[in-house]
Amino acid sequence: MKRRRTERLGLSAKERVVLELLVASGSMYGLQLVDESRGRLKRGTVYVTLGRMEQKGLVESQHEPATRDPQAIPRRMYRPTGHGRRVLDAWTTVARVLAMEPGR
Amino acid sequence: MTRRPRAPGAWLKQGAEQVFDHVTLETVVLPALADLGHECTLPSNSRLSKALVTLRAYSAIWKVLGFCGTRMLLRDSAYAFSIVSRRIAITWAVITLALTLPPLIHEVPRVAPRVNLATLVEIVLLLVPQALAISLPVAYFLGLVVSVRAASLPDRRRLCSGVILGSVVCGMLMFALTMFVMPWANQAYRTVLSNALNVTVRFTPPGGPPKGLSEMNWTELNDAIANPASAHHFVVTRAHLHVRLALCAAPLVFGLLALGIAGRWRSRLATVGAAISILLLYGVLFGLGAKAARDVDPVFLGPWVANLIVGILAVALLYLPRSRAVQAQHNG
């Protein structure tokens, strides 16, 4: 139980970048995240990261409205959940407190 | 009537739907393919830049698919390993013991009065590798049948990729056993035995009796085929090599067969009975094929015929519809 809770609160560097970008912009597509991250996110792994974050409840997604081409696969738009925003806030606060600690 | 062009990544989507589970497909693969489709339809300045964008997009997709595939394979293999490894290990130990006992009973009373304890232990230990090459595929098959049968249908689907990877690993282990360990053990056994029994024949080269086909390893067999003493020797050596190679492929055939058999019958006794019957059939076919290998052209046909027939049977069992009662039982 304890381990599961830690896993839910854990945030990797990539997940943090994704959350920062999503909180700043509201919602984005996977490809937009890669473009906006300035090289911190890679195209080959961003979808795996987003999928994992969705399972952890940090982000949620919805399909874009139907396009003109019925054959096209609908794109997925991601946005942060309330839990994701709180986790990012907590991490930012912890990082700020650690940075202010004397001797660091 | 003009044919409508397919959307970018459409065939990749079809392939991914066959391979990945629903969650991976929905959360990782389809979003990636959707972005690929979007990127490929964006207008660009030149054909070259469009080609570069498409190339970059497809390489990213292959990376995503490779990552998901590897993750799925490793996850499912770890699951399969945790479920079946114990059963296979126990069955392997029992069958190895059962195969080692008859030569042990035959040889030990004969040599025991004439050798010391260390030599006796050495002789007993050298008998074990000779049994391993037969006991491994048999134990792998029976362990799998029992384990896969006990699993529910969703778990059985997860077991599939793990079983295929396990079969490949088992096949590689069989290659090491049949091509290197067994010939070494055979030769060592003959040497120890001839020394123990004070055979006064002078060997050339010194150190042990001359090697027969069963004592030659992979390199020596290939050398013997490349430089045959006679046409007959060439055929016999090739046939022997194919017998060993066919034995290495047996775990793959047995893996598929286990997936096909498990869950086909409601009764455990019927499942195990069918498994043992097919195993005996395989043994008979393999024995006949190995015997006939020297007389059949092409040489490889004889040794491989058992794998071929049982392999076809395995695929048929995999795809033949199960009875409604059995399906209902597995769907829970």
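Residues numbered from 1 in each chain as written. Chains lettered and ligands numbered in written order. Predicted model: local features only at pLDDT ≥ 70, side-chain atom pairs only at ≥ 80, totals over all residues. Heavy atoms only, no water.

1. Let's talk about the overall build of chain B
Here is step 1: For chain B, the helix and strand inventory stands at ten helices and zero strands.
Here is step 2: Secondary structure elements of chain B, listed N to C terminal, follow the sequence α-α-α-α-α-α-α-α-α-α.
Here is step 3: The contacts in chain B between residues at least 6 apart in sequence include a share of 77% that link residues at least 24 apart.
Here is step 4: Accessible surface, chain B: about 18,300 Å² in total, of which carbon and sulfur atoms supply 68%. (Helix = DSSP H or I, 4+ residues; strand = E, 2+ residues; numbered from the N terminus. Contact = heavy atoms within 4.5 Å. Areas by Shrake-Rupley, 256 points an atom, 1.4 Å probe, with all protein chains shown as cover.)

2. Notes on the sheet that holds strand 3 (residues 76-80) of chain A
Here is step 1: Pairing is antiparallel in the open sheet, where three strands are placed in the order 1-3-2 (chain A). Of all the strands in the sheet, the pair left with one neighbour each is strand 1 (28-29) and strand 2 (59-63) of chain A.
Here is step 2: The sheet contacts of helix 2 (residues 22-41) of chain B involve strand 1, strand 2 and strand 3 of chain A, and relative to strand 3 of chain A the element is tilted by about 120°. (Pairing = 2+ DSSP bridges. Axes fitted to C-alpha atoms, helices over the stretch in contact; angles between N-to-C directions.)

3. With respect to the interface of chain A and chain B
Here is step 1: Facing 19 residues of chain A, the contacting portion of chain B comprises 24 residues.
Here is step 2: In this assembly, chain A packs against chain B so that about 1,900 Å² is buried in total across both faces, 60% of it on carbon and sulfur atoms.
Here is step 3: Three residues, Arg43(A), Tyr47(A) and Ile73(A), lead the burial of chain A against chain B; their summed loss comes to 35% of the area buried on that side.
Here is step 4: Scanning the region where chain A abuts chain B turns up three salt bridges. (Buried area = accessible area lost by both parts, 1.4 Å probe. Salt bridge = Lys/Arg side-chain N within 4 Å of Asp/Glu carboxyl O.)

4. Here's the deal with the packing of aromatic side chains
Here is step 1: Applying the stated criterion across every chain yields a total of six aromatic pairs over all chains.
Here is step 2: Ring plane angle 65° and centroid distance 6.3 Å describe the contact between Phe175(B) and Phe180(B), whose orientation is recorded as edge-to-face.
Here is step 3: Judged by its relative accessible area of 37%, Phe180(B) falls in the partly exposed class.
Here is step 4: Here Arg75(A) stacks its cationic end above the ring of Tyr29(A), 3.8 Å away from the centre of that ring. (Phe/Tyr/Trp six-rings, centres within 6.5 Å; stacked < 30°, edge-to-face > 60°. Buried < 20%, exposed > 50% of the residue type's maximum accessible area, 1.4 Å probe, protein only. Lys NZ or Arg CZ within 6 Å of the ring centre and 35° of its normal.)

5. A closer look at the side chain of Arg75(A)
Here is step 1: For Arg75(A), the position within the fold is in the loop between strand 2 and strand 3.
Here is step 2: According to the relative accessible area criterion, Arg75(A) is buried, its value standing at 7%.
Here is step 3: Here His38(B) takes part through its side chain, which lies 3.2 Å from a polar atom of the side chain of Arg75(A). (Polar contact = N/O pair within 3.5 Å; in protein donor to acceptor, adjacent residues only side chain to side chain.)

6. Looking at the nonpolar core
Here is step 1: Phe141(B), Leu257(B) and Ile261(B) are the most contacted members of the largest nonpolar core, which totals 42 residues.
Here is step 2: Look past the residues within four positions of Leu257(B) in its chain and what remains in contact with it is Phe141(B), Ile278(B), Val310(B), Ala314(B) and Leu317(B).
Here is step 3: Of all hydrophobic cores here, the second largest spans 40 residues; its members include Val17(A), Leu33(A), Val34(A) and Tyr47(A). (Core = buried A, V, L, I, M, F, W, Y, C linked by side-chain atoms within 4.5 Å.)

7. A closer look at the pairing of strand 3 of chain A
All names here are of chain A.
Here is step 1: Here strand 3 shows one buried face, formed by Arg 76, Tyr 78 and Pro 80, and one open face, formed by Met 77 and Arg 79.
Here is step 2: Where strand 1 meets strand 3, two bridges bridge the pair, whose relative direction is antiparallel. When the bridges of strand 3 are listed, Met 28 appears paired with Tyr 78.
Here is step 3: Where strand 2 meets strand 3, five bridges bridge the pair, whose relative direction is antiparallel.

8. Looking at the pattern of salt bridges
Proximity of charged atoms lets side chains of opposite charge pair with each other.
Residue and element names in this part refer to chain A.
Here is step 1: One pass over the full model with this rule turns up twelve salt bridges over all chains.
Here is step 2: The closest approach of N and O atoms between Arg 79 and Glu 60, which form a salt bridge, is 3.0 Å. With Arg 79 in strand 3 and Glu 60 in strand 2, this pair connects stretches of sequence that are 19 residues apart.
Here is step 3: Arg 79 sits in the partly exposed class, given a relative accessible area of 37%.
Here is step 4: Judged by relative accessible area, which is 34%, Glu 60 ranks as partly exposed.

9. Topic: the packing of helix 3 (residues 47-111) of chain B against helix 4 (residues 117-150) of chain B
All names here are of chain B.
Here is step 1: Contact geometry for helix 3 and helix 4: axes closest at 5 Å, N-to-C directions at 150°. If you check the angle between helix 3 and helix 4, you find them roughly antiparallel. Taken as a pair, helix 3 and helix 4 cross one another with a handedness that is right-handed.
Here is step 2: Partitioned by chemical class, the residues of the contact of helix 3 with helix 4 number 26 nonpolar, six polar and one charged. (Parallel < 35°, antiparallel > 145°, perpendicular 65-115°, else oblique. Left-handed = near helix turned anticlockwise from the far one by under 90°. Nonpolar A, V, L, I, M, F, W, Y, C, P; charged D, E, K, R; others polar.)

10. Remarks on the side chain of Arg43(A)
Here is step 1: Checked against the element boundaries, Arg43(A) lands in helix 4 (residues 43-56).
Here is step 2: Note on Arg43(A): relative accessible area 12%, which makes it buried.
Here is step 3: A distance of 2.5 Å separates a polar atom in the side chain of Arg43(A) from a polar atom in the side chain of Glu39(B).
Here is step 4: Setting aside residues up to four positions removed in sequence, Arg43(A) forms contacts with Leu31(A), Val34(A), Glu39(B), Arg56(B), Ala57(B), Ala60(B) and Val64(B).

11. Points about the environment of Leu73(B)
Residue and element names in this part refer to chain B.
Here is step 1: By the element assignment, Leu 73 lies in helix 3.
Here is step 2: Since its relative accessible area comes to 33%, Leu 73 is described here as partly exposed.
Here is step 3: C-alpha of Leu 73 to C-alpha of Leu 165: the two residues are 92 residues apart in sequence and 7.9 Å apart in space.

12. Re the layout of surface pockets
All names here are of chain B.
Here is step 1: The space that makes up the second largest pocket amounts to roughly 400 Å³.
Here is step 2: Along the wall of the second largest pocket there are 18 residues; nearest its centre are Phe 81, Ile 88, Tyr 140, Gly 166 and Val 169.
Here is step 3: Those elements that provide at least two residues to the lining of the second largest pocket are helix 3, helix 4 and helix 5 (153-196).
Here is step 4: With eight residues, helix 3 is the single largest residue contributor to the lining of the second largest pocket.
Here is step 5: By residue class, the composition of the lining of the second largest pocket is 14 nonpolar, four polar and no charged. (1 Å grid on protein atoms, 1.4 Å probe; cavity = no way out; pocket = protein on both sides within 12 Å on 5 of 7 lines; lining within 4 Å. Points joined across faces, edges and corners; volume = space filled by probe spheres on them.)

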